[in-house]
Every structure is written in C-alpha cells, then in structure tokens.
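# A look at the structure
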Amino acid sequence: MSLADIWTPVSLTLSLATINTLVLLVLGTPIAWWLARSRSRYRELVGALVAMPLVLPPTVLGFYLLIALGPNGPGGWIAALWGGRTLAFSFTGLVIGSFFYSLPFMVQPLRNGFAAIGEEPLEAAATLGASGWQRFWRIALPLARPGFITGAVMTFAHTVGEFGVVLMIGGNIPGQTKVIAIALYDHVERLQWQEAHVIALGMVIFAFVVIAVTLSIDRRVNVPMP
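Residues numbered from 1 in each chain as written. Predicted model: local features only at pLDDT ≥ 70, side-chain atom pairs only at ≥ 80, totals over all residues. Heavy atoms only, no water.

### Things to note about the overall build of the protein chain
Along its length, the protein chain carries eleven helices and zero strands. Secondary structure of the protein chain in N-to-C order comes out as α-α-α-α-α-α-α-α-α-α-α. Overall, the C-alpha framework of the protein chain stretches about 65 × 45 × 30 Å when taken along its three principal axes. Per-residue burial for the protein chain yields a buried fraction of 38% across its 226 residues. Summed over its atoms, the accessible surface of the protein chain is roughly 13000 Å², and 69% of this surface lies on carbon and sulfur atoms. (Helix = DSSP H or I, 4+ residues; strand = E, 2+ residues; numbered from the N terminus. Buried < 20%, exposed > 50% of the residue type's maximum accessible area, 1.4 Å probe, protein only. Areas by Shrake-Rupley, 256 points an atom, 1.4 Å probe, with all protein chains shown as cover.)

### Side note on the side chain of Thr21
Of note, Thr21 is situated in helix α1 (residues 3-37). In terms of polar contacts, Thr21 uses its side chain to reach the backbone carbonyl oxygen of Ala17, at 2.7 Å. Look past the residues within four positions of Thr21 in its chain and what remains in contact with it is Met106, Ala152, Thr155 and Phe156. (Polar contact = N/O pair within 3.5 Å; in protein donor to acceptor, adjacent residues only side chain to side chain. Contact = heavy atoms within 4.5 Å.)

### Section: the side chain of His158
Along the polypeptide, His158 turns up in helix α8 (residues 145-160). The exposure class assigned to His158 is buried, which follows from its relative accessible area of 18%. With sequence-adjacent residues up to four places away left out, His158 is seen in contact with Tyr101, Ser102 and Phe105.

### Description of empty space enclosed by the protein
By the definition in use, this model includes one cavity of 30 Å³ or more. Empty space within the largest cavity amounts to approximately 50 Å³. What lines the largest cavity is simply Leu35, Gly47, Val50, Ala51, Leu54, Pro104, Val107, Gln108 and Arg111. Those elements that provide at least two residues to the lining of the largest cavity are α2 (43-51) and α5 (91-117). Tallying contributions element by element places α5 first for the lining of the largest cavity, with four residues. (1 Å grid on protein atoms, 1.4 Å probe; cavity = no way out; pocket = protein on both sides within 12 Å on 5 of 7 lines; lining within 4 Å. Points joined across faces, edges and corners; volume = space filled by probe spheres on them.)

### Observations concerning the nonpolar core
Grouped together as the largest cluster of nonpolar side chains are 18 residues, with contacts concentrated most on Leu103, Val107, Leu110, Phe114, Ala140 and Phe148. Counting only elements with at least two residues in this core, the list comes to α1, α5 and α7 (132-143). Ranked by the residues each element gives to this core, the list is headed by α5, at seven residues. Other than its neighbours up to four places away in sequence, Leu110 contacts Gly28, Thr29, Ala32, Gly147 and Phe148. If you look at the next biggest cluster of nonpolar residues, it comprises 16 residues, including Leu87, Leu94, Val95 and Ile182. (Core = buried A, V, L, I, M, F, W, Y, C linked by side-chain atoms within 4.5 Å.)

### Observations regarding the packing of helix α3 (residues 58-69) against α5
Close contact between α3 and α5 brings their axes to 11 Å; oriented N to C, the two are set at 135°. Considered as vectors, α3 and α5 are oriented oblique to each other. With respect to the hand of their crossing, α3 and α5 are arranged in right-handed fashion. Contact residues: Pro58, Leu61, Leu65 and Leu69 in α3; Gly93, Ile96, Gly97, Phe100 and Tyr101 in α5. The residue makeup of the contact of α3 with α5, split by class, is seven nonpolar, two polar and no charged. (Axes fitted to C-alpha atoms, helices over the stretch in contact; angles between N-to-C directions. Parallel < 35°, antiparallel > 145°, perpendicular 65-115°, else oblique. Left-handed = near helix turned anticlockwise from the far one by under 90°. Nonpolar A, V, L, I, M, F, W, Y, C, P; charged D, E, K, R; others polar.)

Spatial relationships are all this shows, so hold off on functional conclusions.
Below is the structure:
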C-alpha cells in the first residue's frame, strides 16, 4: 500500500470537511439566530426541517440529492451555465450534499448558544444605544462562542465520517469523490484487510479526539461561576 493510496482520500476528505464547516458557519449562523430569537409560529417547523438529517436515512437524503443534482434537476441547470451536465459525481456535489447532511450539527449548537445568552445582555446594550448589528456582533457572537466551537468541531467530524450520502451523490472516483469512508469500504470490498485496518484505526483515533475536545468544551462552559 503506497502513501498516495491513503493520502489522496484523506486530503480530499479534509478539504471537503473544511469547506463544508466554513460554509455552514456562514449560512448556519443566521438560521440558528432566527430559530433562537424568532417568535414566529413557523419556527419549530423550520427547526424540524433543519433537524431531519439526524433521523433520515442517509441513502434517502442521498437519493433525493442525486435527483436534484442530476441532469434533470436544478443541479443540471446550474452545471449547464459552464457547459456541464450535472453536479452529481463531483466535488461540488459532495459539498452541497454535505451541507444538507451536516446542517443540524452546526445549527443546533449555535441555536443553543444564542438561546443561552438570554435577553438581559442584549437589552442592556440596547439601552446604551447599540444598534441591532452592534448587539449581534459585539454581544451575541462573543457570548455564543462555545456554540460556534462545538458546532464547528461536530460539523467537521461529521463530514469526515460521512458515507451514505457521499456514496450516493459522489460515487467512488479517485481524486474527485473518493473520500476516506469510501476508501475504507473499497478496501474491505477487495478484502484488503491491512489497508482497511490502517484507515479504520485512524478514524477511531480521530473520533476519540473529537469526543474528548467536545466534552472538554462542554465542561469548561458549564463550570459554575465562583
């Protein structure tokens, strides 16, 4: 087994996880803020839609994403703008699929972080003349920092471990869509046990580190004030 056989899917996976985490930080923040602060009657309906990937089988989500990204779906229309035919079986398709599949792992910690702020700090800032944007940037974001850290860690880790969705919409194209979970499946299917052990052990260690970091953050956040 050459180093390239492991490093190529690892590199692709890290790129996918990094991009997906950054995209979700940007797009998930306003969703979480609205869910935490809005009094709309549709708030819980939107919250349920955001949380659906937690209980929806990955193959079901992957199937509908495959249709949406395919030649006859919105993805095909978008790809046609630069002469393409489909967004499925591409790295761009993986990013889109990962966004939807990991959405609750970013939004829920952020929503909890914003909700934990309470009304008092924001009302106090308002009485001092702070605008809505100032209250958000200078009060809400710093106080919700633990939620951002937890959301980023969980989103990154979840993206690294994705299998069903990425297999459905990305397939197994080396250097393009063959992420680490697909590489592990590929080695097992070929009865290449040594290679499978190396990848699986690496993912076990990674999962342990993620859980340890998340628990550490949670412990620090919930330490009682003296």
